[in-house]
Amino acid sequence: MANLLLISNGHGEDLSGALIGLKLKQQGHKIDAFPLVGKGNAYEKRGITIHGLRKEFSTGGLGYTSLIGRFTELFQGQLFYLAWSYLRLLTISRHYDCLVVVGDVVPVFVAWLSHVPSAVYLVAYSSHYEGKLRLPWPAAQCLRSKRFLRIFSRDKLTSEDLSRQLNRPVVFCGNPFMDAVLSPKEQLPKKTFRLGLLPGSRRPELETNLLMILKVLDCLPESILVNPTISFDMALVDTLENHELIALTARHGWHVINKDNQLHSITLNKGLCCLTVYRDSFVELLQSSDALLSMAGTAAEQAVGLAKPVIQLPGLGPQFTPAFAEAQRRLLGETVFCVETNKAHERDIFIETATLIMMIFSKLNENDHLKMLCHKQGLARLGQKGGTQLIADSISSLLPGN
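Residues numbered from 1 in each chain as written. Predicted model: local features only at pLDDT ≥ 70, side-chain atom pairs only at ≥ 80, totals over all residues. Heavy atoms only, no water.

Regarding the sheet that holds strand β3 (residues 49-50)
Then, number 1: What the seven strands build is an open sheet, ordered β3-β2-β1-β4-β5-β6-β7; its pairing is parallel. What marks the edges here is a single partner per strand, and that holds for β3 and β7 (171-172).
Then, number 2: With four bridges joining them, strand β4 (residues 98-102) and strand β5 (residues 118-122) adopt parallel strand pairing. Its bridge partner being in β5, L99 is matched across the sheet by S118.
Then, number 3: Most of the contacts of helix α1 (residues 11-26) go to strand β1 (residues 3-8), to which it runs at about 165 degrees, and overall it touches β1, β2 (30-35), β4 and β5.
Then, number 4: Seen against the sheet, helix α5 (residues 105-114) touches β1, β4, β5 and β6 (148-153) and runs at an angle of roughly 165 degrees to β4. (Pairing = 2+ DSSP bridges. Helix = DSSP H or I, 4+ residues; strand = E, 2+ residues; numbered from the N terminus. Contact = heavy atoms within 4.5 Å. Axes fitted to C-alpha atoms, helices over the stretch in contact; angles between N-to-C directions.)

Overview of the sheet that holds strand β13 (residues 291-294)
Then, number 1: Taking strand neighbours across the sheet as the criterion, the eight strands line up as β10-β11-β12-β9-β8-β13-β14-β15 in an open arrangement whose pairing is mixed. Edge positions in the open sheet fall to β10 (255-260) and β15 (336-337), since each of these has one partner strand only.
Then, number 2: In this sheet, β13 lies alongside strand β8 (residues 193-198) in parallel orientation, the contact comprising four bridges. Among the inter-strand pairings, G196 is bridged to a residue of β13, identified as L292.
Then, number 3: Each of β10, β11 (265-270) and β12 (273-278) touches helix α11 (residues 242-250); the most contacted strand, β11, lies at about 5 degrees to it.

Observations concerning the packing of aromatic side chains
Aromatic ring pairs: the centre-centre distance and the angle between the two ring planes describe each pair.
Then, number 1: Per the counting criterion, the structure on display carries three aromatic pairs.
Then, number 2: Centroid distance F109 to W112: 6.1 Å. Interplanar angle 15 degrees. Geometry classified as stacked. Of the two residues, F109 and W112 both sit in helix α5, three residues apart, roughly one turn of that helix.
Then, number 3: Residue classification places F109 among the partly exposed positions, given a relative accessible area of 30%.
Then, number 4: For the ring pair F320 and F324, a centre distance of 5.6 Å and an interplane angle of 55 degrees mean the geometry is tilted. (Phe/Tyr/Trp six-rings, centres within 6.5 Å; stacked < 30°, edge-to-face > 60°. Buried < 20%, exposed > 50% of the residue type's maximum accessible area, 1.4 Å probe, protein only.)

Rendered as structure tokens:
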């Protein structure tokens, strides 16, 4: 069996890398991981040894989305941290039979420099953005090298596009992060309509996003708020603890009316509106929701893959900005909805987003057209279940002794 090193550069990339790594580990390979951004918790949860400093920055490694983000990373020392990480990675890579890259041009370039045989899952790029993918330099030059034994794409359109551009096969097997949510889970209490709320996972952006979502709920009509068959439920990460959540929302008129330790939930109330916040129930919430109000990255992709309509609420960043949201719509297709943003009329954004939620609610009740469109888009953009196993089997076939 072979020694493999997983290299990833983002929270969503860590999840995909960890799922692929777990399958490879089950096949008998020795698996280690090197997350270039963040703490690599997805690897740790699956018992995969982690190398590197495991330092997390306030931008979440996404400072390139704004000028302020770039300066923030600079002052926080991220450039020095990354330089050290690259040198460390090049040093230890020689001890592995194969590198498995999950991400974009950065880990691709480092893997190419190492001269170690590699496989790459290009989860960060899609031809759906522009119709034809323009890989940043020097990604294309690296990927044409024989050092990369196999290339996997995140969708069928990209595999066809890159196969032509690189003059070599690029394979689409599916997306590992979808396998994490496609397996049936115990559903949340049944409702005629459940709006799932996804504020994202990175602090301090998380707090700002959460408060913006609450402002949208404030704008929903009374007839919806008092309907006991309609539910508003939020998936919240553990980095924002309950006492912090309670203090944050209390300043805006919300108070606790129920805690359920069995369901790991807490229910908040303001006026006619009740909101249940769930911990450790992300998959259950995603599967049980009829639509999602989202300020998230990978979670929104998973929602589309589950054939759920997604309503975006662009925030202040550093990740979920109007520019990020617009790119996400191009990536995920016509079942992702968003109002036109205008900073001069901030309250209008919340009112119009609430109106958009009502429109989606009506469309889902009127006929099956939107549901059918969601299923079609989910398969085209994210693929079917089983991508993790297919990618792992393909990588195994490249290794010595197979």
